[in-house]
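Coordinate inspection notes
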Amino acid sequence: MSELSVDHLLGIKYITKEDVDLIFKTADHFKEVINRPIKKVPSLRDITIANLFFENSTRTRLSFELAEKRLSADVVNFSAASSSVKKGETLIDTVNNILSMKVDMVVMRHPNPGAGVFLSQHVNASIVNAGDGAHEHPTQALLDSYSIRERLGEVTGKNIVIVGDILHSRVALSNIFALKLQGANVKVCGPKTLIPKHIEKLGVEVETNLRKALEWCDVANMLRVQNERMDISYFPSTREYVQQFGLTKDILDSLNKEITIMHPGPINRGVEITSEVADSDHAIILDQVQNGVAVRMAVIYLLASKIKQ
Ligand code: NCD
């Protein structure tokens, strides 16, 4: 297969295993490109991309921008804090105004779940979801699986535990879809209050004991507690959370095997993971960031090649 089955990347839910394989194969090529002295290819010289960020972001925004620039696309950036959204403009009006300046692709982060799907139905551009509320964050899940494949050879058959605030995490949901699509075994672990009801229906198991989860897994993906999405208290105190779900060197040393540690960032050092663990050889956190650029180049390149036809 040489083209994606979709015209937009709105969520992992909408793509196939063949799409994932094609994205990874393309990312392998771009990873080689970005390690060359000249890190740029002219592939998207005639494509203009708008990065619309209605929610805070550091690494995802920079990663998309670098990916676009390394493909030689023209790039415009927009963040809600400095835009007319504050003056009451609707999302469709904002985006249509930008598109009338001949923009071909929109990368959007938005606090509302489904914002990307909505936009793809109303505007004429290829849409990439860079995180829609607590719903999906497809490129993060792709770069996470790509990093597992790089470290362990393959994703199929591996035991992966996702630890922390599953309820508010778009990274968790997209990862569950992506990992299941590739035939991994998935558990989620965290306080009961932060695990969505009926999550087993997605084919994952729930484990509320961190030690047991770690003894089972090959990879632990540690998520941040999303305080900004909580309107009530989901656990008694941060101290108690750390005692039960914080990943420390002591726990890792007490396991009789080595596991791979991941984190999408931003890290709350000393909460979900200690600095010692985050900076250790077990952690592939910076590999994830590096792979993010290659994976996003692959996604943008493959979607852009569908626009040109
Ligand atoms: C995540 C996000 O924004 O969804 N971060 C990221 O994209 N690298 C996770 C988080 O904010 O905790």
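Residues numbered from 1 in each chain as written. Predicted model: local features only at pLDDT ≥ 70, side-chain atom pairs only at ≥ 80, totals over all residues. Heavy atoms only, no water.

**Re the side chain of Thr60**
Spelled out, the test is: Counting from the N terminus, the helices are DSSP H or I runs at least four residues long and the strands are E runs at least two residues long. Here, two residues are considered to be in contact whenever any of their heavy atoms come within 4.5 Å of each other.
Relative to the helices and strands, Thr60 is located in helix H2 (residues 59–70). Look past the residues within four positions of Thr60 in its chain and what remains in contact with it is Arg109, Ala130, His137 and Arg296.

**Notes on the packing of aromatic side chains**
How we decide: Paired rings are identified among Phe, Tyr and Trp, the last through its six-membered ring, by centres lying within 6.5 Å, and are further divided according to the angle between planes into stacked (under 30 degrees), edge-to-face (over 60) and tilted (the rest). Note on classification: 1.4 Å probe, protein chains only; a residue is buried when its accessible area is under 20% of the maximum for its type, exposed when over 50%, partly exposed between these limits. Criterion for a charge above a ring: Arg CZ or Lys NZ at most 6 Å from the ring centre, at most 35 degrees from the ring normal.
If you walk through the whole model with that rule in mind, you get five aromatic pairs. An angle of 75° between the planes, with centres 5.5 Å apart, marks the rings of Phe30 and Tyr301 as edge-to-face. With Phe30 in helix H1 (residues 17–34) and Tyr301 in helix H11 (residues 285–308), the pair connects residues that are 271 residues apart, well separated along the chain. Using a relative accessible area of 31% as the deciding quantity, one classes Tyr301 as partly exposed. Chaining the aromatic ring pairs together yields one cluster made of Phe235, Tyr241 and Phe245. It is Arg296 that lies over the ring of Phe64; its NZ or CZ is 4.8 Å from the centre.

**Digging into the site of the ligand**
Let me state the cut-off plainly: Here a residue counts as near a molecule or strand whenever at least one of its heavy atoms sits within 4 Å of it. Between N or O atoms, a polar contact is any pair within 3.5 Å; within protein, one atom must be a potential hydrogen donor and the other a potential acceptor, and residues adjacent in sequence are included only when both atoms are from side chains. Each accessible area value is a Shrake-Rupley result obtained with a 1.4 Å probe; residue values ignore everything except the protein chains displayed when judging cover. Put simply, the grid is 1 Å and covers the protein atoms alone, a cavity is a trapped set of points that fit a 1.4 Å probe, a pocket is an open set with protein on both sides within 12 Å along at least five of seven lines, and lining residues have an atom within 4 Å of a point. To decide whether a molecule occupies a pocket or cavity, check its atoms: if more than half lie within 2 Å of the grid points, it is inside. Put simply, Ala, Val, Leu, Ile, Met, Phe, Trp, Tyr, Cys and Pro go in the nonpolar bin, Asp, Glu, Lys and Arg in the charged bin, and everything else, Gly too, in the polar bin. Domain delimitation in this document rests on an assignment produced automatically or drawn from a domain database.
Taken together, the neighbourhood of the ligand is formed by Arg59, Thr60, Arg109, His137, Gln140, Arg170, Val171, Arg224, Gln226, Pro264, Gly265 and Pro266. Within the side chain of His137, one N or O atom sits 2.7 Å away from an oxygen atom of the ligand. One of the side-chain N or O atoms of Gln226 is found 2.8 Å from an oxygen atom in the ligand. Out of a free accessible area of 320 Å², the ligand has 94% covered by protein chains. Taken atom by atom, the bulk of the ligand overlaps the largest pocket. Taken together, the elements giving at least two residues each to the shell around the ligand come down to H2 and helix H6 (170–181). Split by residue class, the shell around the ligand holds three nonpolar, five polar and four charged. Counting contributing residues, the shell around the ligand receives three or more from each of domain 1 (12–136 + 289–307) and domain 2 (138–285).

**Re the UniProt feature "domain: Aspartate/ornithine carbamoyltransferase Asp/Orn-binding" (unreviewed entry) in the protein chain**
What counts here: UniProt positions are given in the numbering used here, feature names are shortened, and annotations may be inferred rather than shown by experiment.
As annotated by UniProt and renumbered to match this structure, "domain: Aspartate/ornithine carbamoyltransferase Asp/Orn-binding" (unreviewed entry) occupies residues 157–302. With 38% helix and 14% strand, the stretch residues 157–302 has end C-alpha atoms that lie 27 Å from each other.

**What to know about the domain arrangement of the protein chain**
Size of an interface: often given as the accessible area lost when the parts come together. We count it as follows: In short, buried area is how much 1.4 Å probe accessible area vanishes from two parts on joining, totalled over both. We define a salt bridge as a side-chain nitrogen of Lys or Arg found within 4 Å of a carboxyl oxygen belonging to Asp or Glu.
According to the domain assignment, the protein chain consists of domain 1 (12–136 + 289–307) and domain 2 (138–285). Distance between the C-alpha centres of domain 1 and domain 2: 26 Å. The partner domain 2 presents 26 residues to the 29 residues of domain 1 that form the contact. Of the roughly 2,400 Å² buried at the junction of domain 1 and domain 2 (both faces included), carbon and sulfur atoms supply 62%. At the junction of domain 1 and domain 2, the tally comes to three salt bridges. Ionic pairing is found between Glu55 and Arg170, a salt bridge with its closest N-O pair at 3.0 Å. Our count for the domain 1 to domain 2 interface comes out at 10 residue pairs in polar contact (both at pLDDT 80 or more).

**Observations concerning the environment of Asn129**
Residue placement: Asn129 occurs in strand S4 (residues 126–132). It is 9.3 Å that separates the C-alpha atoms of Asn129 and Gly114, two residues lying 15 residues apart in sequence. Dropping the residues within four chain positions of it, Asn129 is found in contact with Leu9, Leu10, Met108, Glu136 and Pro138. Engagement of the side chain of Asn129 in a polar contact is seen with the backbone oxygen of Leu10, the distance being 2.9 Å. Within the structure, the side chain of Asn129 is placed 2.9 Å from the side chain of Asp132, a separation counted as a polar contact.

**With respect to the nonpolar core**
What counts, and what does not: Only buried Ala, Val, Leu, Ile, Met, Phe, Trp, Tyr and Cys residues count toward a nonpolar core, and they belong to the same one when joined by side-chain atoms within 4.5 Å.
Ile23, Phe30, Leu142 and Ile300 are the most contacted members of the largest nonpolar core, which has 42 residues in total. Counting residues per element, the ones that place at least two in this core are H1, strand S1 (48–53), H2, strand S3 (105–110), S4, helix H5 (138–152), H6 and H11. If one sorts the elements of this core by residue count, H11 sits on top with 10 residues. Both of domain 1 (12–136 + 289–307) and domain 2 (138–285) provide at least three residues apiece to this core. Not counting the four nearest positions on each side in its chain, Phe30 is found in contact with Val41, Leu71, Ala294, Met297, Ala298 and Tyr301. Judged by nonpolar contacts, the second largest core, of 28 residues, contains Cys189, Val225, Ile251 and Val271.

**Quick word on the layout of surface pockets**
Keep this limit in mind: Grid points are joined across faces, edges and corners, and a volume is the space filled by probe spheres set on the points.
Approximately 430 Å³ is the volume attributed to the largest pocket. In terms of lining residues, the largest pocket is bounded by 22 residues, among which Arg109, Arg170, Arg224, Gly265 and Pro266 are the most central. Residue assignment for the lining of the largest pocket shows that the elements contributing at least two residues are H2 and H6. The residue makeup of the lining of the largest pocket, split by class, is four nonpolar, 11 polar and seven charged. Residues from two domains meet in the lining of the largest pocket; each of domain 1 (12–136 + 289–307) and domain 2 (138–285) gives at least three. A per-element tally of the lining of the second largest pocket places H11 first, with three residues. Here the residues of the lining of the second largest pocket are counted per class, giving five nonpolar, three polar and three charged.

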